[in-house]
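Reading the structure
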Amino acid sequence: MAVQRTFSILKPDATRRNLTGAVNAVIEKAGLRIVAQKRIQMTKAQAETFYAVHSARPFFGELVEFMTSGPVVVQVLEGENAIAAYREVMGATNPANAAEGTVRKLFAESVGENTVHGSDAPETAAIEIAQFFAGNEIVG
Ligand code: DAT
Ligand code: MG
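The rules behind these values
Residues numbered from 1 in each chain as written. Chains lettered and ligands numbered in written order. Predicted model: local features only at pLDDT ≥ 70, side-chain atom pairs only at ≥ 80, totals over all residues. Heavy atoms only, no water. Helix = DSSP H or I, 4+ residues; strand = E, 2+ residues; numbered from the N terminus. Buried < 20%, exposed > 50% of the residue type's maximum accessible area, 1.4 Å probe, protein only. Polar contact = N/O pair within 3.5 Å; in protein donor to acceptor, adjacent residues only side chain to side chain. Near = heavy atom within 4 Å. Areas by Shrake-Rupley, 256 points an atom, 1.4 Å probe, with all protein chains shown as cover. Nonpolar A, V, L, I, M, F, W, Y, C, P; charged D, E, K, R; others polar. Contact = heavy atoms within 4.5 Å. Phe/Tyr/Trp six-rings, centres within 6.5 Å; stacked < 30°, edge-to-face > 60°.

Within the element layout of this structure, Thr15 appears in helix H1 (residues 12-16). Since its relative accessible area comes to 9%, Thr15 is described here as buried. Side-chain polar atoms of Thr15 contact the backbone oxygen of Pro71, separated by 2.7 Å.

Structural data, given as C-alpha cells:
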C-alpha cells in the first residue's frame, strides 16, 4: 500500500472538552502525520454538504446541529494506508462497540457525539480534503 492522505475532523465534543491535543497524540502515536490542520466554526451549509450522503437518515438534523454546535479541527493526515489506518485508530462509529485504545473508546460519549471523523475511501477523502483545504495549505 502506498502513502495516502485522509481527511479528519476533531468534532465539537473534542474541542469543548479540550481534548484536541490528546486525540492528536493518539493519531501521531499510530504513525499518522498531521500535514494540515485548522480550527474552524462549520456553517450549517458546510455541515449539510459534508454529510449529504446521510441526508435521508433520521439523525441528519441532529448531526448537522451537533457539527455546528462549536468549533471543530479539520485535518489532513498522511501515512501508509492512511484511510484504513485512521479508521482503525478511530474505532467503531458507536463507542460502545469501539476496540480498546481507539479514539472513540478512549474519548467518545455517544454514537452521535463520537469525537472524530475519518474518510472511508480514496474518492471521499479527495472530496472532503478539497472541501476544507487549498492545495498550498497541505504541507507534507
Ligand atoms: P463514521 O463517522 O464512523 O464514518 P457514519 O458515516 O456511518 O459513521 O455516520 C456519520 C456520523 O453520523 C457518525 O459519526 C455519527 C452520526 N451517526 C451515525 N449513526 C448514527 C445513529 N444511529 N444515531 C445518531 N448519529 C449517528
Ligand atoms: Mg462515515
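All right, on to the site of ligand 1 then. Taken together, Lys11, Tyr51, His54, Phe59, Leu63, Arg87, Thr93, Arg104, Val111, Gly112 and Asn114 make up the full set of residues adjacent to ligand 1. Arg87 is positioned such that a nitrogen or oxygen atom in its side chain is 2.9 Å from an oxygen atom of ligand 1. In isolation ligand 1 offers 510 Å² of accessible surface; the protein chains occlude 76% of this area. Here the shell around ligand 1 is built from residues that sort into 4 nonpolar, 4 polar and 3 charged.

Bringing the side chain of Glu128 into the picture now. By secondary structure assignment, the location of Glu128 is in helix H7 (residues 122-132). One polar contact links Glu128 to His117, side chain to side chain, over a distance of 2.9 Å. Sequence-distant contacts of Glu128, that is, excluding residues within four places in its chain, are made with Phe7, Phe50, His117 and Ser119.

Here the focus is the packing of aromatic side chains. Considering all chains together, one arrives at 5 aromatic pairs under this definition. Centroid distance Phe50 to Tyr51: 4.9 Å. Interplanar angle 80°. Geometry classified as edge-to-face. Of the two residues examined, Phe50 and Tyr51, each falls in the buried class. Residues Phe50 and Phe132 carry aromatic rings whose centres are separated by 5.9 Å and whose planes lie at 65° to one another, so their mutual orientation is edge-to-face.

We now examine unusual backbone geometry. Notably, Asn18 is not glycine yet its phi reads approximately 60°, a positive angle. With respect to the helices, strands and loops of the structure, Asn18 is situated in the loop between H1 and helix H2 (20-29).

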